[in-house]
Protein chains: 2
Amino acid sequence: MATVTVYGPPLSTAVSRVLACLIEKDVDFKLVSVDMSKGQHKSPDFLKLQPFGQVPAFQDEHTSLFESRAICRYICDKYADRGQSLLGRKGGGPVERARIEQWLEAEGQSFNPPSSTLVFQLAFAPRMGLPQDPAAIELNEGKLGKVLDVYDRRLEESRFLAGDEFSLADLSHLPNGHYLTVAGKGEIFASRKNVARWWEEISTRPSWKKVVEMQNTPPAS
Amino acid sequence: MATVTVYGPPLSTAVSRVLACLIEKDVDFKLVSVDMSKGQHKSPDFLKLQPFGQVPAFQDEHTSLFESRAICRYICDKYADRGQSLLGRKGGGPVERARIEQWLEAEGQSFNPPSSTLVFQLAFAPRMGLPQDPAAIELNEGKLGKVLDVYDRRLEESRFLAGDEFSLADLSHLPNGHYLTVAGKGEIFASRKNVARWWEEISTRPSWKKVVEMQNTPPAS
């Protein structure tokens, strides 16, 4: 029986980050839907799990946690022996972990802000019947392009962002990157030779394909 | 002799985050100035250390690193036995670390975006002779206030964000928080009872006072 519970819809980028991590680590989990259109993420019970009223929230037999990247780190620490060693090998030492952490932070601080805005504008606003903001789209495409230029130089010398192994630093880009490609902006990856190769490799991993399948499966009623 | 080198001006919020961490961990370091007004952070040599052309960069006998929060985690992992245990006690296990990580991520993802914009608008734009954007200031004061409302509820039940001990999650708020108070916006902390107590306690730690002293000392010519 799964002792891990994730609260939130797989369509959420932050929820899908945690799901991809759990699948890579071969950890069973239960997904509990949170109907954000009904404001369930702002209910008093949910706020006990996630004080900001955001998704995901995470719970196991030891703790409850929020913030997708913190949850992923915990999963990697707790299940260090299982699945892909996403945060460095067990006993790999602080340097090995830090080389992953610096690119995971680059994702959170440099890739995420412009790509989140683009995902909202291009993927979520149309679904929610909200008008798009062409100036915000143009501005953030420019910002994201500059970030990906740095990635392209890095990925010329390295198979993955942190080195020869797929890590949490790569995985963390999948949720926003996926929506960008679905929204017809895949060119931002494809037009950069090394980013294109990297994106093709990480986005076709079986773990991520499973997450996309979950996103495309209507929730049980 | 210090084996740790930090590149960048202490006036930078990200540099000062790393300095506060090193002082808390009682680690000797050498600070190498990077004259950003002369574009030194975009020089080919510096880009080898920090591919995005930002500060700080970090170097010791084992590695070079970028991204202030990743550098801080590395310092905590490498010097686990020394100074304040900012990322959980050695052998404290994954839950203890994760409870800190979730609030460190809250800082990076929720507190940092609006507070960075405010710091730029209120502290740096005037120094650089740039016009301020009143709409951006108002918008981000509102966003930051909502984040601090969540903090105030958390700090009603807990001395520090992650529990009874000062941690990296608290420390990481000092650089932006400091500039907000210097720019006359201290009310955003002071008007919230528990946040006010917390801010007073963390911002008067000897480590942070030393960093502010470094910020106020003109660089040696």
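Each value, and the rule that gives it
Residues numbered from 1 in each chain as written. Chains lettered and ligands numbered in written order. Predicted model: local features only at pLDDT ≥ 70, side-chain atom pairs only at ≥ 80, totals over all residues. Heavy atoms only, no water. UniProt positions renumbered as here; feature names shortened; annotations may be inferred. Helix = DSSP H or I, 4+ residues; strand = E, 2+ residues; numbered from the N terminus. Rg over C-alpha atoms; globule rule 2.2 N^0.38 Å. Contact = heavy atoms within 4.5 Å. Areas by Shrake-Rupley, 256 points an atom, 1.4 Å probe, with all protein chains shown as cover. Lys, Arg positive; Asp, Glu negative; His and termini not counted. Charge placed at Lys NZ, Arg CZ, Asp CG, Glu CD. Axes fitted to C-alpha atoms, helices over the stretch in contact; angles between N-to-C directions. Parallel < 35°, antiparallel > 145°, perpendicular 65-115°, else oblique. Left-handed = near helix turned anticlockwise from the far one by under 90°. Nonpolar A, V, L, I, M, F, W, Y, C, P; charged D, E, K, R; others polar. Expected span 1.5 Å × (residues − 1). Buried < 20%, exposed > 50% of the residue type's maximum accessible area, 1.4 Å probe, protein only. Pairing = 2+ DSSP bridges. Least-squares fit on C-alpha atoms with pLDDT ≥ 70 in both. Salt bridge = Lys/Arg side-chain N within 4 Å of Asp/Glu carboxyl O. Buried area = accessible area lost by both parts, 1.4 Å probe. Polar contact = N/O pair within 3.5 Å; in protein donor to acceptor, adjacent residues only side chain to side chain.

- Under an unreviewed UniProt entry, chain A has the name glutathione transferase and belongs to Canna indica.
- Heading Sequence similarities (unreviewed entry) of the UniProt record for chain A holds this comment: "Belongs to the GST superfamily. Phi family."
- Of chain A, the UniProt comment under Catalytic activity (unreviewed entry) reads exactly: "RX + glutathione = an S-substituted glutathione + a halide anion + H(+)".

## Looking at the overall build of chain A
Alright, step 1. Broken down by element type, chain A carries ten helices and four strands.
Alright, step 2. Taken from the N to the C terminus, the helices and strands of chain A come in the order β-α-β-α-β-β-α-α-α-α-α-α-α-α.
Alright, step 3. Relative to its length of 221 residues, chain A is compact, with a C-alpha radius of gyration of 17 Å against a globular reference of 17 Å.
Alright, step 4. Seen through its principal axes, chain A has C-alpha atoms that stretch 50 × 45 × 25 Å.
Alright, step 5. Within chain A, contacts between residues at least 6 apart in sequence are counted, and of these 66% link residues at least 24 apart.
Alright, step 6. Just so you have it, chain A exposes about 9,900 Å², and 51% of that area is on carbon and sulfur atoms.
Alright, step 7. If the 27 positive side-chain charges of chain A are averaged to one point and the 28 negative ones to another, these points end up 1 Å apart.

## Considering the packing of helix α3 (residues 68-78) of chain B against helix α4 (residues 93-127) of chain B
The description of two helices packed together rests on the angle between their axes and the distance between the axes.
Residue and element names in this part refer to chain B.
Alright, step 1. Where α3 contacts α4, the axes come no closer than 12 Å and their chain directions differ by 160 degrees. Considered as vectors, α3 and α4 are oriented roughly antiparallel to each other. Crossing geometry of α3 relative to α4 is assigned as right-handed. Contact residues: α3 offers Arg 69, Arg 73 and Asp 77, while α4 offers Arg 97, Glu 101, Leu 104, Glu 105, Glu 107, Gly 108 and Asn 112.
Alright, step 2. Grouping the amino acids of the contact of α3 with α4 by side-chain chemistry returns one nonpolar, two polar and seven charged.

## Examining helix α7 (residues 174-185) of chain B
Alright, step 1. Relative to the 16 Å expected for twelve residues at 1.5 Å per residue, α7(B) spans just 14 Å between its end C-alpha atoms, considerably shorter than the ideal helical length.
Alright, step 2. Looking only at α7(B), the buried set comprises B:Leu174, B:Pro175, B:Asn176, B:Gly177, B:His178, B:Tyr179 and B:Leu180.

## Comments concerning the sheet that holds strand β3 (residues 57-59) of chain B
All names here are of chain B.
Alright, step 1. A sheet is described by the order of its strands in space; here four strands give the open sequence β2-β1-β3-β4, paired in mixed fashion. Each edge of the sheet is formed by a strand with only one pairing partner; in this case those strands are β2 (30-32) and β4 (64-66). Neighbour to neighbour, the strand axes of the sheet diverge by 20 degrees on average, direction disregarded.
Alright, step 2. Its contacts with the sheet put helix α1 (residues 13-24) on β1 (5-7) and β2, and the angle it makes with β1 is roughly 160 degrees.

## Some words on the relation of the copies chain B and chain A
Alright, step 1. At an RMSD of 0.0 Å, chain B and chain A line up after a rotation of 180 degrees and a shift of 0.0 Å along the axis. With respect to symmetry, the two chain copies, as superposed, fit the operation of a two-fold axis.
Alright, step 2. Same-surface contact between copies: 100% of interface residues of chain B are shared with the interface of chain A.

## Describing the pattern of salt bridges
Alright, step 1. By the definition in use, this model includes 38 salt bridges over all chains.
Alright, step 2. With its nearest N and O atoms 3.5 Å apart, the salt bridge here joins B:Glu107 to B:Arg17. Of the two residues, B:Glu107 is situated in helix α4 and B:Arg17 in helix α1; the sequence distance between them amounts to 90 residues.
Alright, step 3. When its relative accessible area of 0% is taken as the criterion, B:Glu107 is described as buried.
Alright, step 4. By relative accessible area, which is 3% here, B:Arg17 ends up buried.
Alright, step 5. Here the residues in one salt-bridge network are A:Arg73, A:Asp77, A:Arg97, A:Glu101, A:Glu105, B:Arg73, B:Asp77, B:Arg97, B:Glu101 and B:Glu105, joined through shared partners.

## Focus on the interface of chain B and chain A
Alright, step 1. Taken together, the contacts link 31 residues of chain B with 31 residues of chain A.
Alright, step 2. In total, chain B and chain A occlude about 2,800 Å² of area from one another, counting both sides; carbon and sulfur atoms represent 62% of this.
Alright, step 3. Taken together, the links from chain B to chain A amount to four salt bridges.
Alright, step 4. Between B:Glu105 and A:Arg73 there is a salt bridge, with its nearest N and O atoms 2.9 Å apart.
Alright, step 5. Inspection of the chain B/chain A interface yields ten residue pairs in polar contact (both at pLDDT 80 or more).
Alright, step 6. The set of elements that each furnish at least two residues to the side of chain B that touches chain A consists of β4, α3, α4 and α5 (134-157) of chain B.
Alright, step 7. In terms of residues, the side of chain B that touches chain A owes the most to one element, α4(B), which gives 14 residues.

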